Amino acid sequence: MNKYDALAQPYRICNVEIPNRFAVIPMTLGALTYDEEGGFSDNLINYFELRARGGFGLIIPGAAATDYHVDPYSALGPNVNINTHWQERAKLLVDTVHKHGTKIFCQLTMGLGRNYPGLPGPSENPVWRNPDQKSPALTKEQIELKIADMIEGAAVAKACGYDGVEMHAMHWGYLLDQFGMAFYNHREDEYGGSLENRLRVARKLVEGIHERCGDDFPVGMRLGLKTYIKDYDKATLTGEEEVGRTLEEGVEIARLLESYGYDFLDVDTGTYDSFYYACPPMYNPQGFMIPLAAKAKAVVKIPVIAGGRMQDYDLAVKAVENGEIDAIGLGRPSLADPDYPNKVMAGETEKIRPCIGCNMGCFRRCVETGEPVSCAVNPQAARELVMGLKPGEGDKKVVVVGGGIAGMEAARTSALRGYRVTLFEKSDHLGGHVVEAGAHSFKSEIAKLNAWYKRELEDLHVDVRLEHEPCINCIRKQEPDVIILATGTNISQPDIPGLYRAVSSLDAIRHPEQLGNRVIVIGGGLVGCEIALDEANRGKDVTVVEALDDIMAAGGAGAPYPNKQMIVDLFENKGVKVMTSTKLVGINREGALVEKTDGDKELLEADSYVSALGFRPAPNLKEEWKELGKSIYEVGDATGAGTIMKAIWDAYEIANGI
Ligand SMILES: Cc1cc2nc3c(=O)[nH]c(=O)nc-3n(C[C@H](O)[C@H](O)[C@H](O)COP(=O)(O)O)c2cc1C
Ligand code: SF4
């Protein structure tokens, strides 16, 4: 028994006993989910088995298509109703999860509506981020067909052994959500108008499924309690000027859904239009969902699972103890650490590998690039059978140079493979630039990740030598078989007159107290924007100057959409001024002289200037150390400055291949 005991207690959804309060909430995982015939792949089944073994009491995999009559998306994907191979593999998935005492519900989707081009919705609406295209309106007959396919899908799921079903979804602005909201639903028939009319589809679904599958077969709804939108493609950070679903309406919907027969609610917030509430990045605080979920819980007796930045076990356990929620839904944190529940229940929370809310390995790959979903901090996630740890090849000595995140991952992976590892770090601490990256108040999970790596290296008995900058002879004495260079980056200081008057980005993060009240941040990449946000949070007057035509645009495709959307709205909310297509000419006593692309110049006065003009790889040791005649690899920023994901993935791949 420990202070998280309340999370280890069973609860009931309808007649189904769920062994504890940890639920994997649905995540579509992309290409590696299915085999060639559209059934769950071995990789996917193994993925969920790992989460079941890791202690999750309930697993709800990502949305499965049911509609094979109307909606081209559903007809294209593996369909639970018509794909018999899907059904066979689903049975195997269910049996595999059940072996660990975990329950599994099938999330069934009725469609995605205006979130994707070409898909029908309740009414004509501009397609998400494609305002020139319109989603066609469904006819009444088409609605009935879709409802029938969902009911059939539930019967199929029951026959496959699932313990229940969840309706996808009155959340994220998908089809059912569009029916629910007057903003998207302009129908004048019985499916539009009053709230009860807008919920008619949701009502027919639960009534139809209970009639077909029995009242003791649980039916739940994924429900966004508040949408935080002020227009198509426009979020409201504060929740004011809401045009979608207010919290009051969300709570009323919760009450009505229970009265219609729903057996549980799986609640969150946001839509595609307000993605930083739907897939909240690190700037959205942990547990922000709890007060909203508590309002719904106060009006219903059925269990409420709350998801979205619920990784903070201290907040979660209090919310469960106080009866504000029944269970915590973990999407991305279950990617980052499959054993999260077991670690919490054992009181070993320091062993949890934290999700850092970056959205790089998961959201971005799922929604933006279409690559298989994985995780920045756990490169094996959701591709364990493809990218799993390989056994070591004999006895090898690995020397890692550099104790930043890439060096630590290289050392950890090498040690896990059974190799002897020595890690040299020239400073007196591990973490490299991740120490600064984790210093802002909104990035505490990065600090936790750093602490997690340090602990892992200790547990794995990696020989860590701090304040050691090894020379070639020191390395020779180590008699390594393999050398991994993770020497990181130095600050990039271009030749701009007066730039010496600016504080470097790293110093600005380390000593924010040194900056005056009016701050100009030169460079609107991720580092510059986060410094600007931090300074604005301290009440400063902040301007960001960026040479490109957009902020956070550099580095591949730039920042994931929710992260960038949130920074832009936070800037607006806090009065941060942004000057794009503007480059710094120089800094003198009077101020910073900047020049726009049209040649206009302006002198900007400030008390402090921060230079956030990027990083460049530290001097290359690979050439110099060639004469050692050993295998030498470079990882992380040593091959070009990048994200935490690049550092970890690079290091993992190299260390897993030696
Ligand atoms: C890659 C990805 C895929 C998702 N797919 C689904 C889905 O199929 N169905 C669904 O209801 N929610 C889906 N979600 C939303 C998650 O269930 C969850 O609400 C979101 O990740 C926020 O919770 P978290 O902070 O625990 O990750 C998805 C989220 C991600 C990141
Ligand atoms: S990629 Fe980032 S946000 Fe996504 S699960 Fe991993 S750490 Fe969390």
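Below or above, wherever it landed, is the structure these notes cover. Given the structure is predicted, the values throughout are model-derived calculations rather than measurements.

Comments concerning the overall build of the protein
(1) Moving on: Scanning the protein for helices and strands turns up 24 helices and 30 strands.
(2) Moving on: In terms of C-alpha radius of gyration, the protein reaches 26 Å, essentially the compact-globule figure of 26 Å for 658 residues.
(3) Moving on: In terms of overall dimensions, the protein has a C-alpha envelope of 75 × 65 × 45 Å along the principal axes.
(4) Moving on: Buried positions account for 60% of the 658 residues belonging to the protein.
(5) Moving on: As displayed, the protein has an accessible area near 24900 Å², and 49% of this comes from carbon and sulfur atoms.

Describing the site of ligand 2
(1) Moving on: Around ligand 2, a shell composed of Arg 332, Cys 355, Ile 356, Gly 357, Cys 358, Asn 359, Gly 361, Cys 362, Cys 375 and Ala 376 is seen.
(2) Moving on: In a pocket analysis with a 2 Å cut-off to the grid points, ligand 2 is assigned to the largest cavity.

A few points about the site of ligand 1
(1) Moving on: Of all residues adjacent to ligand 1, which total 24 residues, the nearest are Pro 26, Thr 28, Gln 107, Gly 331 and Arg 332.
(2) Moving on: Measuring from an oxygen atom of ligand 1, one finds a side-chain N or O atom of Thr 28 at 2.7 Å.
(3) Moving on: In the environment of ligand 1, an oxygen atom lies 2.7 Å from a nitrogen or oxygen atom belonging to the side chain of Arg 332.
(4) Moving on: Notes on ligand 1: free accessible area 610 Å², of which the protein chains cover 97%.
(5) Moving on: Residue composition of the shell around ligand 1, by class: 12 nonpolar, eight polar and four charged.

Concerning the packing of aromatic side chains
(1) Moving on: Under the criterion given, the structure shown has 28 aromatic pairs.
(2) Moving on: Ring geometry for Trp 172 and Tyr 174: centres 6.4 Å apart, planes at 20 degrees, overall stacked.
(3) Moving on: Ring centres of Trp 172 and Phe 275 lie 5.2 Å apart, and the angle between their planes is 90 degrees; on these two criteria the pair is classed as edge-to-face. Taken together, the positions of Trp 172 in the loop between strand S9 (164-170) and helix H5 (175-180) and Phe 275 in helix H9 (residues 275-278) put the pair 103 residues apart, joining distant regions of the chain.
(4) Moving on: Here Trp 172 falls in the buried class, since its relative accessible area comes to 14%.

Observations concerning the sheet that holds strand S19 (residues 482-485)
(1) Moving on: Pairing within the open sheet is parallel, and its five strands lie in the order S18-S17-S16-S19-S30. Both outer strands of the open sheet, strand S18 (463-465) and strand S30 (631-634), are each paired with one neighbouring strand and no more. Geometrically, the sheet is characterised by an average inter-axis angle of 15 degrees between neighbouring strands, direction not taken into account.
(2) Moving on: Of the pairings in the sheet, the one linking strand S17 (residues 420-424) to S18 comprises three bridges and is parallel in character. Within S18, the position partnered with Leu 423 by the bridge is Val 464.
(3) Moving on: On top of the sheet, helix H16 (residues 405-416) reaches strand S16 (397-401), S17 and S19; it is set at about 165 degrees to S17, its chief contact.

Remarks on the nonpolar core
(1) Moving on: In this structure, Trp 86, Tyr 162, Val 165, Met 167, Met 221, Tyr 262 and Leu 335 are the most contacted members of the largest nonpolar core, which totals 175 residues.
(2) Moving on: Excluding residues within four positions of it along the chain, Tyr 162 makes contact with Phe 40, Trp 86, Ala 90, Leu 93, Val 94, Ile 104, Phe 105, Cys 106, Ala 157 and Phe 217.
(3) Moving on: Among the nonpolar cores identified, the runner-up in size contains 13 residues, and Ile 522, Leu 584, Ala 592 and Ala 606 belong to it.

Structural notes on the pairing of S9
(1) Moving on: For S9, the buried fraction is high: seven of the seven residues fall into the buried class.
(2) Moving on: Of the pairings in the sheet, the one linking strand S6 (residues 103-109) to S9 comprises five bridges and is parallel in character. Within S9, the position partnered with Phe 105 by the bridge is Gly 164.
(3) Moving on: Where S9 lies against strand S10 (residues 219-224), four bridges are found, and the strand directions are parallel. Considered in S10, the bridge of Val 165 is made with Val 219.

Structural notes on the pairing of S6
(1) Moving on: Where burial is concerned, most of S6 is hidden: six out of the seven residues are buried.
(2) Moving on: In terms of strand pairing, strand S5 (residues 64-65) meets S6 through two bridges, oriented parallel. Residue Ala 65 lies in a different strand from S6, and its bridge partner there is Thr 109.

Structural notes on helix H22 (residues 561-574)
(1) Moving on: Given a rise of 1.5 Å per residue, 14 residues ought to cover 20 Å, and the 20 Å separating the end C-alpha atoms of H22 matches this to within 8%.
(2) Moving on: Among the 14 residues of H22, 10 are classified as buried, and the element is accordingly described as predominantly covered.
(3) Moving on: Packing partners of the buried residues in H22 comprise strand S12 (234-235), H9, helix H14 (363-369), helix H21 (526-537), strand S23 (541-545) and strand S24 (577-579).
(4) Moving on: Positioned one or two residues after H22, Gly 575 has a phi angle of 75 degrees, which is positive.

Quick word on helix H4 (residues 140-160)
(1) Moving on: Compared with an ideal rise of 1.5 Å per residue, which puts 21 residues at 30 Å, H4 spans 30 Å between its outermost C-alpha atoms and is within 8% of the ideal.
(2) Moving on: Among all positions of H4, only Ile 143, Lys 146, Ile 147, Asp 149, Met 150, Ile 151, Gly 153, Ala 154, Ala 155, Val 156, Ala 157 and Cys 160 are buried.
(3) Moving on: Where the residues of H4 are buried, they touch helix H3 (84-98), S6, S9, H5 and helix H7 (200-213).
(4) Moving on: Remark: Gly 161 follows H4 within two positions and exhibits a positive phi of approximately 105 degrees.

A few points about the pattern of salt bridges
(1) Moving on: Across all of its chains, the model carries 44 salt bridges by this definition.
(2) Moving on: When the shortest N-O distance is used, the salt bridge between Glu 384 and Arg 51 registers 2.8 Å. Separated by 333 residues along the polypeptide, Glu 384 in helix H15 (residues 384-387) and Arg 51 in helix H1 (residues 42-53) bring together distant segments of the chain.
(3) Moving on: Residue class for Glu 384 comes out buried when judged on its relative accessible area of 10%.
(4) Moving on: Overall, the relative accessible area of 0% leaves Arg 51 in the buried class.
(5) Moving on: It is possible to trace a salt-bridge network through shared partners that takes in Asp 534, Glu 535, Arg 538 and Lys 540.

Quick look at the sheet that holds strand S25 (residues 582-587)
(1) Moving on: Spatially, S25-S26-S27 is the arrangement adopted by the three strands of the open sheet, whose pairing is antiparallel. At either margin of the open sheet sits one strand with a lone partner, and together these are S25 and strand S27 (601-604). Neighbour-to-neighbour, the strand axes of the sheet open up by a mean angle of 30 degrees, direction not taken into account.
(2) Moving on: With five bridges connecting them, S25 and strand S26 (residues 592-596) associate as antiparallel partners. By the bridge assignment for S26, Lys 583 is matched with Glu 595.

What about empty space enclosed by the protein?
(1) Moving on: According to the stated counting rule, one finds two cavities of 30 Å³ or more in the structure shown.
(2) Moving on: Its volume calculated, the largest cavity comes out at about 80 Å³.
(3) Moving on: Surrounding the largest cavity, 13 residues form its lining, Cys 355, Cys 358, Cys 362, Cys 375 and Ala 376 being those nearest its centre.
(4) Moving on: For the lining of the largest cavity, the class distribution of residues is nine nonpolar, three polar and one charged.
(5) Moving on: Space inside the second largest cavity adds up to approximately 40 Å³.
(6) Moving on: Taken together, Gln 286, Arg 309, Met 310, Gln 311, Arg 332, Pro 333 and Cys 355 form the lining of the second largest cavity.

About the cut-offs
- Residues numbered from 1 in each chain as written.
- Chains lettered and ligands numbered in written order.
- Predicted model: local features only at pLDDT ≥ 70, side-chain atom pairs only at ≥ 80, totals over all residues.
- Heavy atoms only, no water.
- Helix = DSSP H or I, 4+ residues; strand = E, 2+ residues; numbered from the N terminus.
- Rg over C-alpha atoms; globule rule 2.2 N^0.38 Å.
- Buried < 20%, exposed > 50% of the residue type's maximum accessible area, 1.4 Å probe, protein only.
- Areas by Shrake-Rupley, 256 points an atom, 1.4 Å probe, with all protein chains shown as cover.
- Near = heavy atom within 4 Å.
- 1 Å grid on protein atoms, 1.4 Å probe; cavity = no way out; pocket = protein on both sides within 12 Å on 5 of 7 lines; lining within 4 Å.
- Sits in = over half its atoms within 2 Å of the grid points.
- Polar contact = N/O pair within 3.5 Å; in protein donor to acceptor, adjacent residues only side chain to side chain.
- Nonpolar A, V, L, I, M, F, W, Y, C, P; charged D, E, K, R; others polar.
- Phe/Tyr/Trp six-rings, centres within 6.5 Å; stacked < 30°, edge-to-face > 60°.
- Pairing = 2+ DSSP bridges.
- Axes fitted to C-alpha atoms, helices over the stretch in contact; angles between N-to-C directions.
- Contact = heavy atoms within 4.5 Å.
- Core = buried A, V, L, I, M, F, W, Y, C linked by side-chain atoms within 4.5 Å.
- Expected span 1.5 Å × (residues − 1).
- Salt bridge = Lys/Arg side-chain N within 4 Å of Asp/Glu carboxyl O.
- Points joined across faces, edges and corners; volume = space filled by probe spheres on them.

Functional significance is not addressed by these values, which are geometric in nature.
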